[in-house]
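Breakdown of the fold
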Amino acid sequence: MRQPTMAESFPTIRQTPSTERHLMSLNDLAIDVPDAAAAAAAAELRAALGDRVLFPGDPGFDAARTPWNVAVDQYPFAVALPESADDVVDIVRAATLAGLRVAPQSTGHAAAAMAGADLSRTVLLSLRGLRGVQVDPDARTARVLGGSVWSDVLESAGPHGLTALHGSAADVSVVGYLLSGGLSFYARKRGLGVNCVRAVHVVTADGRLVHASAEENPDLFWALRGGSGAFGVVVSIEIELLPIADVFAGMLLWDASRAAEVTHAWAEWTRSAPESATTTLRIMNFPPLPQLPPFLSGRSVVVVDGAFEETDAAASALLEPLRALQPEMDTFARIPAPALVAVHMDPPEPTPAVTDHVMLAAFTTEAVDAFVAVGRTPGLFVQEIRHVGGAASRPSPDGGAVSSLVGEYVVHSIAMVPVPEAAPVASAAARAGVAAMEPWRIDAVALTFVDAPDVDLTGAFGQAWARLRQLKLQFDPADLFAAARPV
Ligand SMILES: Cc1cc2nc3c(=O)[nH]c(=O)nc-3n(C[C@H](O)[C@H](O)[C@H](O)COP(=O)(O)OP(=O)(O)OC[C@H]3O[C@@H](n4cnc5c(N)ncnc54)[C@H](O)[C@@H]3O)c2cc1C
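One structure accompanies this document, and this report is about it.

Cut-off values and rules
Residues numbered from 1 in each chain as written. Predicted model: local features only at pLDDT ≥ 70, side-chain atom pairs only at ≥ 80, totals over all residues. Heavy atoms only, no water. Helix = DSSP H or I, 4+ residues; strand = E, 2+ residues; numbered from the N terminus. Rg over C-alpha atoms; globule rule 2.2 N^0.38 Å. Buried < 20%, exposed > 50% of the residue type's maximum accessible area, 1.4 Å probe, protein only. Contact = heavy atoms within 4.5 Å. Areas by Shrake-Rupley, 256 points an atom, 1.4 Å probe, with all protein chains shown as cover. Phe/Tyr/Trp six-rings, centres within 6.5 Å; stacked < 30°, edge-to-face > 60°. Near = heavy atom within 4 Å. Polar contact = N/O pair within 3.5 Å; in protein donor to acceptor, adjacent residues only side chain to side chain. Nonpolar A, V, L, I, M, F, W, Y, C, P; charged D, E, K, R; others polar. Axes fitted to C-alpha atoms, helices over the stretch in contact; angles between N-to-C directions. Parallel < 35°, antiparallel > 145°, perpendicular 65-115°, else oblique. Left-handed = near helix turned anticlockwise from the far one by under 90°. Core = buried A, V, L, I, M, F, W, Y, C linked by side-chain atoms within 4.5 Å. Pairing = 2+ DSSP bridges. Expected span 1.5 Å × (residues − 1).

**A look at the overall build of the chain**
What the chain contains, in helices and strands, is 14 helices and 21 strands. In summary, the chain has a C-alpha radius of gyration of 22 Å against a globular reference of 23 Å for 487 residues, a match within 12%. Principal-axis analysis of the C-alpha atoms gives the chain an extent of 70 × 50 × 40 Å. Each of the 487 residues in the chain was classed as buried or not, and the buried ones make up 57%. Pairs at least 24 residues apart make up 72% of the contacts formed inside the chain by residues separated by at least 6 positions. Carbon together with sulfur atoms contributes 55% to the accessible area of the chain, which is approximately 19,000 Å² in total.

Now the structure itself:
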C-alpha cells in the first residue's frame with residue numbers, strides 16, 4: 001500500500017481548496033482545473049512546456065508541490081520543473097501569456113511565509129532540479145545554480161580549503177537564504193551572507209535572462225539583495241568564498257534545570273564577546289521518541305553552540321566562563337569548515353513546523369528571566385536566541401536593499417506540528433515564545449526568519465523600502481512574482 005506523503009500526513013495549512021474542478025482533455029492528458037478560464041491557461045502552459053509542468057491529478061503533482069515545511073499544504077495552479085535557464089525563461093513567458101503568477105521556490109523552507117497567498121492562479125516554479133556548483137579556487141568564488149543547497153557548495157568548496165557564509169541547515173537553498181540576508185555562525189565577524197553575492201543571473205518579469213552585478217543592471221542587483229524572489233527567478237548566483245579550511249566550533253549542553261543559570265551567564269558573556277565569536281543559546285524540549293538518542297528523548301536541555309574564528313588557545317580561553325558551568329556535554333573543537341553546518345543539528349529532512357521571531361537590542365537580566373520562563377511552554381520545541389550585532393549590524397557601503405540587521409539578538413521560537421490537530425497548540429506556543437519578549441522587542445526584522453504571511457517587512461529595509469518599492473514597480477509592474485517575503 002502507498003505510504004502517505006508528509007503533506008498528506010500533516011495537511012494543516014491548506015491554501016486553495018480544490019472545489020468545483022473541471023476536467024479537460026488535452027493531448028490525451030486529463031488536466032484537473034477549477035474553471036474554463038483556468039482550463040485555457042492550463043492548455044497554454046501544457047502546450048508551451050510539455051512535461052515540465054504538472055497539474056492537479058498528474059502523477060507527481062503532489063510530491064512536486066510539497067515544500068520542506070510539510071505543515072504547509074500549498075496548492076498552486078500548477079508546478080513547473082525547470083532543468084535549465086532556458087526552461088525558466090519558457091515558464092515565465094508561458095505563465096505570463098496564460099495570465100498566471102509565478103512563485104519561485106527552491107526547497108520550501110519558507111513555505112509558511114507564503115501560506116496566506118492564494119496560489120490558485122500561480123505557477124509554483126520549483127527549482128529543485130536546477131542544482132550545481134562550480135568553484136574557482138584562484139578567484140575564491142563559486143557559481144551556484146538557482147536551486148542549489150548549502151551542502152552542494154560546501155562539498156565543492158571544502159576540498160579547496162574554502163567555505164561560505166552558510167546558515168545552520170545544509171538543505172536550505174543558497175539563493176533563498178542569501179538574498180534575504182543570511183545569518184551564519186561567521187556573522188559577527190563577516191557580516192550578513194548577502195554581502196558576499198557578486199552577481200546574479202535572473203529571469204525577470206518580461207521573460208528575459210538578465211545579468212545583474214555592480215557594473216551591469218546595478219539597480220536590479222541592489223533590489224535582488226533583499227528583494228529576492230519578488231524580483232525574478234534566479235537561475236544562478238556568483239558568490240565570494242572564504243579561505244577558511246577549519247574552524248573552532250561545537251556545542252555545550254546542560255539539563256534544562258540549569259536554564260536560568262546558564263542563560264544569565266551566556267547573556268553576560270555575550271556582552272563582551274569579541275566579534276570573532278558567533279553563538280546561539282537554545283532551550284530545547286524533546287518529545288519522547290525512539291528515533292532520538294536516549295540522552296535527549298523526552299528531555300529538556302539548554303544548549304550553547306557556535307563558532308570562533310580564533311586559535312584553539314584563544315577560543316578555549318574565551319569559552320572558559322561557559323565551560324566553568326560544567327556542561328554535561330562539550331563538543332567544542334577544531335573541525336573542518338564544511339562540518340560547521342551540522343553543529344546546530346537542524347532537522348535533516350522535511351519537517352512540519354511553525355516559527356516566529358523578534359529582534360532585541362539587548363538581552364537584559366529581565367529579558368533573560370522572561371526567555372527562560374517561556375522556554376518550557378507546552379508545545380514549544382525550541383526557544384532560541386542568536387547573538388548577532390558586530391559586523392552583522394554594520395551596513396555594507398556596496399550592499400543592496402538589505403546588508404545588515406538592526407539589533408543585537410534574534411529570538412526564534414519553534415514548535416512542531418506532528419499531526420494536524422497539533423497546529424493550534426503549536427502556533428500558540430511559537431507566538432507565546434516571542435510574545436514573552438515583547439517588552440524588549442525593537443522595530444526590526446530578520447528577513448530569513450520571517451515565516452508567516454502578513455508580517456510587516458518594512459523593519460527589515462528601513463530607508464531602503466521606498467526605493468525597493470519603486471524598483472518593484474519598474475521591474476515587475478504587474479506583480480508577476482509571488483514571494484515568501486513580498487515587496
Ligand atoms: C531548519 C532551518 C534552518 C535555518 N537556518 C537559518 C540560518 O542559520 N540563518 C538564516 O539566516 N536563515 C536560516 N533559515 C531560514 C532560511 O534561510 C530562509 O527561510 C530562506 O529563505 C529559505 O530559503 P529556501 O530557498 O531554502 O526556501 P524557499 O521556501 O524555497 O524560498 C524562500 C523564498 O526565497 C526566494 N527564492 C528561493 N529560491 C529562489 C530562486 N532561485 N529565485 C528566486 N527566488 C528564490 C523566493 O522568494 C521564495 O519564496 C533556516 C530555516 C530553516 C527551516
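What follows picks up the thread again.
**As for the packing of aromatic side chains**
Within the structure shown, the criterion is met by 13 aromatic pairs. When the ring of Phe 363 is compared with that of Tyr 409, the centres are 5.7 Å apart and the planes differ by 45 degrees; the resulting orientation is tilted. A residue pair is termed long-range when its members are at least 10 positions apart, and Phe 363 in the loop between β19 (353-360) and α11 (365-374) and Tyr 409 in strand β21 (residues 409-416) qualify at 46 residues. Here Phe 363 matches Tyr 409 in class, with each residue buried.

**Side note on the site of the ligand**
In the vicinity of the ligand, 33 residues are found, and the nearest of them are Thr 107, Ser 168, Ser 173, Thr 448 and Arg 485. Here a nitrogen atom of the ligand and a side-chain polar atom of Ser 106 are 2.8 Å apart. One nitrogen or oxygen atom from the side chain of Ser 173 is found 2.6 Å from an oxygen atom belonging to the ligand. Contact with the protein chains removes 94% of the 960 Å² of surface that the ligand exposes when unbound. Ranked by the residues each element gives to the shell around the ligand, the list is headed by helix α6 (residues 174-178), at 3 residues. Taken together, the residues of the shell around the ligand break down into 15 nonpolar, 15 polar and 3 charged.

**Re the packing of helix α8 (residues 218-227) against helix α14 (residues 464-475)**
Packed helices, taken two at a time, are described by the angle between their axes plus the distance between the axes. Packing of α8 against α14 brings their axes to within 10 Å, and their N-to-C directions diverge by 115 degrees. When the interaxial angle is binned, α8 and α14 end up roughly perpendicular. Relative to α14, the crossing made by α8 is left-handed. On α14, the residues that touch Asp 219, Leu 220, Trp 222, Ala 223 and Gly 227 of α8 are Ala 464, Arg 467, Leu 468, Leu 471 and Phe 475. Among the residues forming the contact of α8 with α14, the class breakdown is 7 nonpolar, 1 polar and 2 charged.

**Description of the nonpolar core**
Counting residues in each nonpolar core, the largest one holds 69 residues, and the members touching the most others are Trp 150, Leu 178, Phe 231, Ile 237, Ile 239, Leu 241 and Phe 461. Here this core takes 5 residues from α8, the largest share from any one element. In contact with Ile 239, not counting residues within four places along its chain, are Arg 140, Thr 141, Ala 142, Val 144, Trp 150, Ala 164, Leu 178, Cys 196, Val 197 and Arg 198. Core analysis: the second largest hydrophobic core is formed by 33 residues, Phe 248, Ala 267, Phe 363 and Tyr 409 among them.

**Description of the sheet that holds strand β9 (residues 133-136)**
Pairing between the strands of a sheet comes from backbone hydrogen bonds, and it takes one of two forms, parallel or antiparallel. Taken in spatial order, the 5 strands make up an open sheet running β9-β10-β13-β11-β12, and their pairing is antiparallel. The open sheet is flanked by β9 and β12 (209-213), the only strands paired with a single partner. Neighbour-to-neighbour, the strand axes of the sheet open up by a mean angle of 15 degrees, direction not taken into account. The pairing of strand β11 (residues 197-203) with strand β13 (residues 233-240) spans 6 bridges and is antiparallel. Counterpart to Val 203 in the pairing with β13 is Val 233. Sheet strands touched by helix α5 (residues 150-157): β9, β10 (141-145) and β13. Its angle to β9, the strand with the most contacts, is close to 35 degrees.

**Some remarks on the sheet that holds strand β7 (residues 101-105)**
Within the open sheet, the 4 strands sit side by side as β4-β6-β8-β7. Their pairing is mixed. Both edges of this open sheet fall to β4 (53-54) and β7, since each of them pairs with a single strand only. For strand β6 (residues 78-80) and strand β8 (residues 122-126), the ladder comprises 3 bridges, and the chain directions are parallel. When the sheet's bridge partners are listed, Ala 78 is paired in β8 with Val 123. Its contacts with the sheet place helix α4 (residues 85-97) against β6, β7 and β8, and it is angled at close to 175 degrees to β8.

**Quick notes on the side chain of Ser 228**
Looking at where Ser 228 falls in the secondary structure, it is placed in the loop between α8 and β13. The buried category is assigned to Ser 228, whose relative accessible area is 13%. Apart from residues lying up to four places away in sequence, Ser 228 is in contact with Leu 179, Ser 180 and Ala 223.

**Some words on unusual backbone geometry**
Unusually for a residue other than glycine, Arg 140 sits at a positive phi of about 55 degrees. Along the chain, Arg 140 turns up in the loop between β9 and β10. In this structure Arg 140 comes out as partly exposed when scored by relative accessible area, which is 40%. If you check the backbone angles, Asp 454 has positive phi at about 65 degrees while not being a glycine. Here Asp 454 is to be found in the loop between α12 (423-435) and α13 (458-461).

**What to know about the packing of helix α9 (residues 259-272) against α11**
Put simply, α9 and α11 touch, their axes get as near as 10 Å, and they point 140 degrees apart. The angle between α9 and α11 places the two elements in the oblique class. The crossing of α9 and α11 is right-handed. Every residue of α11 that contacts α9 at Ala 259, Ala 260, Thr 263, His 264, Ala 267 and Arg 271 is listed here: Thr 365, Val 368, Asp 369, Phe 371 and Val 372.

**Quick notes on helix α10 (residues 312-323)**
Taking 1.5 Å per residue, 12 residues should reach 16 Å; α10 reaches only 14 Å between its end C-alpha atoms and comes up short. Residues of α10 that are buried sit in contact with β14 (246-255), α9 and β16 (300-308).

**Notes on the side chain of Ser 168**
Positionally, Ser 168 belongs in the loop between α5 and α6. With relative accessibility at 13%, the residue Ser 168 sits in the buried group. Among the polar contacts listed, one links the side chain of Ser 168 to the side chain of Asp 346, at a separation of 2.5 Å. At 3.2 Å, the side chain of Ser 168 forms a polar contact with the side chain of Arg 386.

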